[in-house]
Every structure is written in C-alpha cells, then in structure tokens.
Amino acid sequence: STAPRDPTTPHRLGDLLHGAGEAEYVGCAADTPIVDLDMDSRQITEGWAFFAFTGTEHDGHRWVDDAIGRGARVVILGAVDDLRRATPTSSSRHD
C-alpha cells in the first residue's frame, strides 16, 4: 500500500506517473512539480495534473480547457488502458 499524498507538498510528475509506461513530455518535464492529479476536471485546482483519457463512455479531451482554466499545470493524454497501468488515482468521472 502507498502512503497518501501530502496535498501541501508538490510531487514530481514522473513519480506520479511511475508504472504508467513510457511517457513523452511536451512542454514540461519529469521533474515538473504537481500537487495532485485527477481525471475529473471539476476537481482540478492550481498546480494539479489532469488526465484527459478517452474511455468507452467519455472523452476527457472535452474537458481539457476546463481543467486548464481551473489551474491544471499538466494535461496527460491517453486512453483508459493507459490508466489501468498507471499508479492508482481518483475514480471520479463526469456524468
């Protein structure tokens, strides 16, 4: 089991994506500080990373602008299969 993330201490993006497979960083780097991450743009606040994944029912790409407007420092693009390989994250989603 992993320890809960401390919301007051930024984490390295690369550490949060550990286990997600190969990553291509565009406009950021593995050492980019990230407060936390989520796949629900409504939960994003300043300094967070937003997962914009394409799933069977929803396409997170639709909410990229919303996440950026709420303060997302990084947008992570992928598909649901990518999420299954990644470190566990919030299971919230848009309805």
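It should be noted that the structure appears before, not after, this text.
Below you will find a few notes about this structure. Since the structure is predicted, the reported quantities are computational estimates derived from the model, not experimental observations. (Residues numbered from 1 in each chain as written. Predicted model: local features only at pLDDT ≥ 70, side-chain atom pairs only at ≥ 80, totals over all residues. Heavy atoms only, no water.)

Along the backbone of the protein chain there are three helices and five strands. Considering the protein chain as a whole, with its 95 residues, one finds that 35% of them fall into the buried category. Partitioning the contacts of the protein chain with sequence separation of at least 6, the portion at a separation of at least 24 is 56%. (Helix = DSSP H or I, 4+ residues; strand = E, 2+ residues; numbered from the N terminus. Buried < 20%, exposed > 50% of the residue type's maximum accessible area, 1.4 Å probe, protein only. Contact = heavy atoms within 4.5 Å.)

In terms of nonpolar packing, the biggest core is built from ten residues, these being Leu-13, Leu-16, Leu-17, Ile-34, Leu-37, Ala-49, Phe-51, Phe-53, Val-74 and Ile-76. Those elements that place two or more of their residues in this core are α1 (13-16), β4 (49-54) and β5 (74-79). For this core, the element with the highest residue contribution is β4, accounting for three residues. Core analysis: the next-biggest nonpolar cluster, separate from the first, contains nine residues, Ile-44, Phe-50, Ala-52 and Ala-67 among them. (Core = buried A, V, L, I, M, F, W, Y, C linked by side-chain atoms within 4.5 Å.)

Structurally, Phe-50 is set in strand β4. Distance in space between the C-alpha atoms of Phe-50 and Ile-68 is 8.4 Å, their sequence separation being 18 residues.

Checked against the element boundaries, Thr-32 lands in the loop between α1 and β2 (33-34). Classification of Thr-32 by relative accessible area gives buried; the value is 12%. Residues within four places of Thr-32 in sequence aside, it is in contact with His-11, Arg-12, Leu-13, Arg-73 and Val-74.

Let's shift gears to the pattern of salt bridges. Considering all chains together, one arrives at three salt bridges under this definition. A salt bridge links Arg-12 to Asp-15, with the shortest nitrogen-to-oxygen separation between them at 3.3 Å. Looking at Arg-12, the relative accessible area reads 39%, which means it is partly exposed. Between Asp-40 and Arg-42 there is a salt bridge whose closest N-O contact spans 2.9 Å. (Salt bridge = Lys/Arg side-chain N within 4 Å of Asp/Glu carboxyl O.)

With respect to the secondary-structure elements, His-61 resides in the loop between β4 and α2 (64-69). Judged by relative accessible area, which is 36%, His-61 ranks as partly exposed. Placed 16 residues apart in sequence, His-61 and Leu-77 show a C-alpha to C-alpha distance of 7.8 Å. Every residue in contact with His-61, bar those within four places of it in the chain, is listed here: Ala-52, Thr-54, Leu-77 and Gly-78.

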